[in-house]
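Chain and residue survey
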Amino acid sequence: MKFLIASDLHGSAFWCRKLLDAFAYERADRLLFLGDMLYHGPRNDLPDGYSPKQVIAMLSSLKGSILCVRGNCDTEVDQMVLPFPILADYAMMPIGQHLMLLTHGHHAFDGQIPALTDGDILLYGHTHVPTCELRNGVMHLNPGSVSLPKEDSWHGYMLLEGDEFIWKDFAGCTRMTYHP
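Residues numbered from 1 in each chain as written. Predicted model: local features only at pLDDT ≥ 70, side-chain atom pairs only at ≥ 80, totals over all residues. Heavy atoms only, no water.

1. A few points about the packing of aromatic side chains
The way to describe two aromatic rings as a pair is by their centre distance and the angle between their planes. Taken as a whole and judged by the stated rule, the model has four aromatic pairs. Seen from their ring centres, F14 and W15 are 4.9 Å apart, and the 85° between their planes marks the pair as edge-to-face. When its relative accessible area of 9% is taken as the criterion, W15 is described as buried. Each ring, one from Y157 and one from F170, has its centre 5.4 Å from the other, and the planes form 45°; the classification is tilted. With a gap of 13 residues between them, Y157 in strand β9 (residues 156–161) and F170 in the loop between β10 (164–169) and β11 (174–178) connect regions that are remote in the sequence. For F170, a relative accessible area of 21% corresponds to the partly exposed category. In this structure an aromatic cluster arises from ring pairing among F14, W15, Y157 and F170. (Phe/Tyr/Trp six-rings, centres within 6.5 Å; stacked < 30°, edge-to-face > 60°. Buried < 20%, exposed > 50% of the residue type's maximum accessible area, 1.4 Å probe, protein only. Helix = DSSP H or I, 4+ residues; strand = E, 2+ residues; numbered from the N terminus.)

As structure tokens, this is what we get:
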């Protein structure tokens, strides 16, 4: 199964279109979305093409293919207008002999998520910075931000196929890879 992993769309219809085009181009089976879907948040500038209603319409077409966790900008009001669940604080998936925990990241480091062990993967967004880093035996992976990248990073997403993680920008260029 091939997963496209993305985070921090923040209501941008412009970047949502690029995300959906990448989903189709990559022939992904599922979209794993790591939060902050519709609202830009008080600390962020408005992203290009800010239009949460258009984003709702575009993502609704993938309602059977999206697994989403809640970001710090996602609310119960957002859930009322989306036809797929977005309010889980985290999800867990097996990957080989280990676990992969999906979360937004705003609670990832304050003890509010399940404990992970050596070889497990923490998959998160929130920082808007692509990350591939081993910390205390747990691999920390972040796809960066679809619409508001920070620290001179790129607009992009991540793929997971088999056990390979690939970070890409929307031009289709590979930026980083990781094999557990």
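Right, picking up where we left off after that structure.
2. Thoughts on the environment of T174
When you line up the elements, T174 lands in strand β11. We classify T174 as partly exposed; its relative accessible area is 47%. Sequence separation between T174 and D163 is eleven residues, and the spatial gap between their C-alpha atoms is 16 Å. Beyond its immediate sequence surroundings of up to four residues, T174 is in contact with I166, W167 and K168. (Contact = heavy atoms within 4.5 Å.)

3. Structural notes on the side chain of D36
By secondary structure assignment, the location of D36 is in the loop between β2 (30–33) and α2 (52–60). In this structure, D36 is buried with no salt-bridge partner, the nearest side chain bearing the opposite charge being R43 at 6.8 Å. Non-local contacts of D36, meaning those with residues more than four positions away in its chain, are made with D8, L9, H10, G71, N72, C73, D74 and H104. (Lys, Arg positive; Asp, Glu negative; His and termini not counted. Salt bridge = Lys/Arg side-chain N within 4 Å of Asp/Glu carboxyl O.)

4. Quick notes on the pairing of strand β1 (residues 2–6)
Most of β1 is tucked away, with five of its five residues classed as buried. Pairing between β1 and β9: four bridges, direction antiparallel. If you follow F3 over to β9, its bridge partner there is L160. Direction of pairing for β1 relative to β2: parallel, over a ladder of four bridges. Bridge pairing in β2 links A6 to F33. Taking the sense of rotation as the criterion, the β-α-β connection linking β1, helix α1 (residues 13–26) and β2 turns out right-handed. (Pairing = 2+ DSSP bridges. Right-handed = clockwise from strand over helix to strand, strands pointing away.)

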